[in-house]
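# Coordinate inspection notes
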Amino acid sequence: MRIGLLGTGRIGAFHARTLRDLPGVRELLLADADPARAGAVASAVGDGAHALPTPADLLAAGVDAVVIAASTTAHAELIVAAARAGVPAFCEKPLAADLAGTLTVLDEVAAAGAVLQIGFQRRFDAGYAAAREAVRSGRLGRLHTVRALTADPAPPPTGYLPLSGGLYRDCLVHDFDALRWVTGREVVTVHAVGSDAGPAMFREAGDVDTAAAVLTLDDGTLATATATRMNGAGYDVRMELAGERETIAVGLGPRTPLTSVEPTAPGRAGPPWPGFLERFGPAYAAQLAAFVALVRGERANPCDGWEALRALRVAEACEESRRAERPVRVSP
């Protein structure tokens, strides 16, 4: 297969190395808004990787599929271009900057009859997959409470915040997707709050550095989702699921940046994860392997654009709830 990669920044370079090692990928074509960066990544990847001047050149080069890892603002345009060219696409979330743009992209993809897989990598993490199986098998009994959290060890660059879509759309949307995927239920109402008591750059961007939401699922299960950009202890992503028979946790291990103050508790066995690429490295590789299998017709789409829309609607409801200071019903 000849795979195209659009975007060769941090995650794009990571994907380039993953794609190089996937069985059946014989050539990797790269393009970036900065052609020099694409050339440097192609050189680092080695044999079989080549840089092209523009995304249009790449889509015209006869690739079998394309992976989109460009900046968020470029996603919609590149997805539509791939769809119109008849090229199956994998894209990191989000599809577009807002709900209206997302719907426009999905309409374009549907009209073209194109293949689109969205990158919610937690669906390919071993812990989240095990939690899903535990819930679906009935092992936990009736699920009554879910607690999800995402905590970044340090804030992103100041210039990123106005383009990010905010903490709910940029960060917690992963928790919303995981919540839906693990439980098999939909979120019907949210009540969200946020704090901008941290660095001034969050207030200046109209964003918050810490957020919490209470979510009610369509079967009455209650969930909480919290996030922060200011978790100095380290990168921390977890989910706890409590049922009438058993309670389980995802992301609780020797590198979890959580310290018990109980006198007999053991200490951590290793340093915390430095970031999302390290914590979810195997999951990122698994989702790209799934995309290649999808393109070959060997499996169904594990996360199409409509799944991304459903998670985004929860994030949008949370942002509305925070600003209005009231519960909000999620748009069906």
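Please refer to the structure placed before this passage.
### Description of the overall build of the protein chain
Across its full length, the protein chain carries twelve helices and 13 strands. By its C-alpha atoms, the protein chain is 60 × 45 × 45 Å across when sized along the principal axes. Taking all 332 residues of the protein chain together, the buried fraction comes to 50%. The long-range fraction of contacts in the protein chain, counting pairs at least 24 apart against all pairs at least 6 apart in sequence, stands at 70%. Of the roughly 14,400 Å² of accessible surface on the protein chain, 54% is carried by carbon and sulfur atoms.

### Considerations on the sheet that holds strand S4 (residues 65-68)
Taken in spatial order, the six strands make up an open sheet running S3-S2-S1-S4-S5-S6, and their pairing is parallel. Where the open sheet ends on each side, the last strands, each with one partner, are strand S3 (49-51) and strand S6 (116-119). Geometrically, the sheet is characterised by an average inter-axis angle of 20 degrees between neighbouring strands, direction not taken into account. With three bridges connecting them, S4 and strand S5 (residues 89-92) associate as parallel partners. Each bridged residue has a counterpart across the sheet, and for isoleucine 68 the counterpart in S5 is cysteine 91. Where helix H1 (residues 10-20) meets the sheet, its contacts fall on strand S1 (2-6), strand S2 (27-31), S4 and S5, and the angle it forms with S1 comes to roughly 170 degrees. Set on the sheet, helix H2 (residues 35-45) makes contact with S2 and S3; between it and S3 the angle comes to about 170 degrees.

### With respect to the nonpolar core
Membership of the largest hydrophobic core comes to 70 residues, with the highest contact counts inside it found for Leu28, Tyr128, Val190, Leu215, Met239 and Leu241. Ranked by residue count, the leading element in this core is helix H8 (residues 167-183), at nine residues. Not counting residues within four places of it along the chain, the set of residues in contact with leucine 241 comprises Ala131, Val135, Leu140, Leu143, Thr145, Val146, Val182, Thr183, Glu246, Thr247 and Ile248. By size, the runner-up hydrophobic cluster in this structure holds 29 residues, among which are Val66, Ala89, Ile118 and Phe120.

### Considerations on the sheet that holds strand S7 (residues 143-151)
Reading across from one edge, S12-S11-S7-S10-S9-S8-S13 is the order of the seven strands in this open sheet, with mixed pairing throughout. Across the chains shown, the open sheet's two edge strands, defined by having one partner strand only, are strand S12 (247-250) and strand S13 (328-329). Where strand S11 (residues 236-243) and S12 come together, four bridges link them in antiparallel fashion. Counterpart to methionine 239 in the pairing with S12 is valine 250. The strands touched by H8 are S7, strand S8 (187-195), strand S9 (210-217), strand S10 (222-228) and S11; relative to S9, the strand with the most contacts, the crossing angle is about 30 degrees.

### Some details on empty space enclosed by the protein
Enumeration over the complete set of coordinates arrives at one cavity of 30 Å³ or more. Approximately 30 Å³ is the volume attributed to the largest cavity. As for the largest cavity, its lining consists of Tyr235, Asp236, Val237, Gly251, Thr256, Pro257, Trp273 and Arg279.

### Examining the pairing of S9
Only one face of S9 is buried, namely the one carrying Ala211, Ala213, Leu215 and Leu217, since none of Thr210, Ala212, Val214 and Thr216 on the opposite face is buried. Of the pairings in the sheet, the one linking S8 to S9 comprises eight bridges and is antiparallel in character. Bridge pairing in S9 links serine 195 to threonine 210. Pairing geometry for S9 and S10, over seven bridges, is antiparallel. Paired with alanine 211 across the two strands is alanine 227, which belongs to S10. Adjacent in sequence and paired antiparallel, S9 and S10 are bridged by four residues, among which glycine 220 carries a positive phi angle near 95 degrees.

Criteria and cut-off values
Residues numbered from 1 in each chain as written. Predicted model: local features only at pLDDT ≥ 70, side-chain atom pairs only at ≥ 80, totals over all residues. Heavy atoms only, no water. Helix = DSSP H or I, 4+ residues; strand = E, 2+ residues; numbered from the N terminus. Buried < 20%, exposed > 50% of the residue type's maximum accessible area, 1.4 Å probe, protein only. Contact = heavy atoms within 4.5 Å. Areas by Shrake-Rupley, 256 points an atom, 1.4 Å probe, with all protein chains shown as cover. Pairing = 2+ DSSP bridges. Axes fitted to C-alpha atoms, helices over the stretch in contact; angles between N-to-C directions. Core = buried A, V, L, I, M, F, W, Y, C linked by side-chain atoms within 4.5 Å. 1 Å grid on protein atoms, 1.4 Å probe; cavity = no way out; pocket = protein on both sides within 12 Å on 5 of 7 lines; lining within 4 Å. Points joined across faces, edges and corners; volume = space filled by probe spheres on them.

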